[in-house]
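# A look at the structure
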Amino acid sequence: MITGRLAALDDDDLARLYPRADSPRLRMNFVSSLDGAVTVDGLSTGLSGDDDKRVFRLLRKLCDGLLVGAGTLRDERYRPLTLDAARRAWRGAHGLPAYPRLVVVSATLRLDPAAPALADAPVRPLILTGPAAEPAARRALAPVADVADVPDLAAGLRLLHGQGLTQLLCEGGPRLLGSLGAEDLVDELCLTLSPLLAGAGSGRITAGPPHPPRPMTTAHVLTTDEGFLLTRHVRKGVVGSRQRDER
């Protein structure tokens, strides 16, 4: 396990601590309080800080696709998935498209086609859904996003891999993490611990029916001047940036 201080790392150093894998990988990124809260006043913003946002921006730069649940997209008022010039230049130098693709998971397609994250996206978003989605909702979203029917999340990930989106970053929310964990699809968790006690009332970073424990190995812990702990954990048995190929 690597330990260190975030302030001592430049952007290249930090990127090496969060490597792109040489096979498909699903990376989760969450922030929580010391007492396990996933939000303050209903939003994750109250848990974050400049140090956490530095890693947040880095992980978006490194991914092929950004996976998010429809509820989180709405509640956190997602903006278009754009990157600044420096991050676009980095991606170009590493043979990647200028922007990752936004992928929304929505069982019902209760999404506003005029939402900026969809209507103003630099790359046409993809929405993964199932049989409960209404035809009228599909038609309303068709001008701004592609909609794909998948029987489960594992099939959704296979669809994304087939489109070249092998390095996936998921920003939640808790129910999506719970569902991905239930299907044993989580390869990596990047968890920021915020230096505060949020008190009772908020949920955890995961929600939904129980599932068997999924052993993880801690890859690094970084301390910051703001008092955050930036941690990275990988699926038990993963060596370096390589994951198991079985699904």
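Residues numbered from 1 in each chain as written. Predicted model: local features only at pLDDT ≥ 70, side-chain atom pairs only at ≥ 80, totals over all residues. Heavy atoms only, no water.

### Some words on the overall build of the protein
The criterion, for reference: Strands are runs of DSSP state E lasting at least two residues, helices are runs of H or I lasting at least four, and both sets are numbered from the N terminus onward. A radius of gyration in this sense is built from C-alpha atoms; the matching globule rule multiplies 2.2 Å by the number of residues raised to 0.38. Accessible area is worked out with a 1.4 Å probe on protein chains only. A residue is then buried under 20% of its type maximum, exposed over 50%, and partly exposed in between. Two residues form a contact once any of their heavy atoms are found within 4.5 Å. Note on areas: these come from Shrake-Rupley sampling with a 1.4 Å probe, and a residue is covered only by the protein chains present in the view.
Across its full length, the protein carries 8 helices and 10 strands. Against the 2.2 N^0.38 benchmark of 18 Å for 247 residues, the protein shows a C-alpha radius of gyration of 17 Å, consistent with a compact globule. By its C-alpha atoms, the protein is 50 × 45 × 35 Å across when sized along the principal axes. Expressed as a percentage of the 247 residues in the protein, the buried residues total 45%. Partitioning the intrachain contacts of the protein with sequence separation of at least 6 by distance along the chain shows that 71% fall at a separation of at least 24. On the protein, roughly 11,800 Å² of surface is accessible, and the fraction owed to carbon and sulfur atoms is 55%.

### Describing the state of the cysteines
Covalent bonding between the sulfur atoms of two cysteines is what defines a disulfide. To be explicit about the condition: Criterion for a disulfide: a pair of cysteine sulfur atoms at a distance within 2.5 Å.
On inspection of all chains with the given rule, the structure shows 0 disulfides. Of all cysteine sulfurs, the one in Cys170 lies closest to Cys63, which takes part in no disulfide; the gap is 11 Å. When its relative accessible area of 3% is taken as the criterion, Cys63 is described as buried. By relative accessible area, which is 0% here, Cys170 ends up buried.

### Thoughts on the sheet that holds strand 9 (residues 216–223)
As a reminder of what qualifies: Strands were regarded as paired on the criterion that DSSP finds at least two bridges between them. Interaxial angles span 0 to 180 degrees and are taken between N-to-C directions of axes, which are lines fitted to C-alpha atoms, for helices over the stretch in contact.
Strand order in the open sheet formed by 10 strands is 1-9-10-8-2-7-3-4-5-6, and the pairing between neighbours is mixed. This sheet does not close on itself; its edge strands, each paired only once, are strand 1 (2–5) and strand 6 (146–149). Pairs of neighbouring strands in the sheet enclose a mean axial angle of 20°, with direction left out of account. As paired elements, strand 1 and strand 9 share 4 bridges and run parallel to each other. Each bridged residue has a counterpart across the sheet, and for Thr3 the counterpart in strand 9 is Val221. Sheet strands in contact with helix 2 (residues 50–62) are strand 2 (25–33), strand 3 (65–69), strand 7 (167–170), strand 8 (188–194) and strand 10 (229–235), and its direction is about 165° off that of strand 2.

### Quick look at the pattern of salt bridges
Worth spelling out the cut-off: What counts as a salt bridge is simple: a side-chain nitrogen of Lys or Arg found within 4 Å of a carboxyl oxygen of Asp or Glu.
Applying the stated criterion across every chain, the model contains 15 salt bridges. When the shortest N-O distance is used, the salt bridge between Arg20 and Asp64 registers 3.1 Å. On the criterion of sequence distance, the pair formed by Arg20 in the loop between helix 1 (11–17) and strand 2 and Asp64 in the loop between helix 2 and strand 3 is long-range, its members being 44 residues apart. Here Glu188 ties to Arg232 by a salt bridge, and the two come within 2.8 Å at their closest N and O atoms. Within this pair, whereas Glu188 is found in strand 8, its partner Arg232 is found in strand 10, the two being separated by 44 residues in sequence.

### Describing helix 8 (residues 174–182)
Here helix 8 has its buried residues at Leu176, Leu177, Gly178, Leu180 and Gly181. The positive-phi residue at the C-terminal boundary of helix 8 is Asp184, with phi of around 55°.

### Considerations on the pairing of strand 7
Neither face of strand 7 is open: one carries Gln167 and Leu169, the other Leu168 and Cys170, and all of them are buried. Summarising the sheet, strand 2 and strand 7 pair through 4 bridges and their orientation is parallel. Each bridged residue has a counterpart across the sheet, and for Met28 the counterpart in strand 7 is Cys170. Examined bridge by bridge, strand 3 and strand 7 share 3 bridges and lie parallel to one another. Bridge pairing links Gly65 to Leu168 in strand 7.

### Some thoughts on the layout of surface pockets
Heads up, the rule is: A cavity here means a set of 1 Å grid points, computed over protein atoms only, where a 1.4 Å probe fits but cannot escape. A pocket is an open set with protein on both sides within 12 Å along at least 5 of 7 lines, and lining residues have an atom within 4 Å of a point. Grid points are joined across faces, edges and corners, and a volume is the space filled by probe spheres set on the points. Polarity classes work like this: nonpolar for Ala, Val, Leu, Ile, Met, Phe, Trp, Tyr, Cys and Pro, charged for Asp, Glu, Lys and Arg, and polar for all others, with Gly in that last group.
One number sums up the size of the largest pocket: a volume of about 1,400 Å³. What lines the largest pocket is a set of 47 residues, among which Thr72, Glu76, Tyr78, Glu171 and Gly172 lie closest to the centre. Where the lining of the largest pocket is concerned, the elements lending two or more residues are strand 2, helix 2, helix 3 (70–75), strand 5 (126–129) and helix 8. It is helix 2 that provides the largest number of residues to the lining of the largest pocket, a total of 5 residues. Considering only residue class, the lining of the largest pocket consists of 18 nonpolar, 16 polar and 13 charged. If you go around the second largest pocket, you meet 21 residues; those closest to its centre are Leu177, Arg204, Ile205, Thr206 and His211. Listed by contribution, the elements that provide at least two residues to the lining of the second largest pocket are helix 8 and strand 8.

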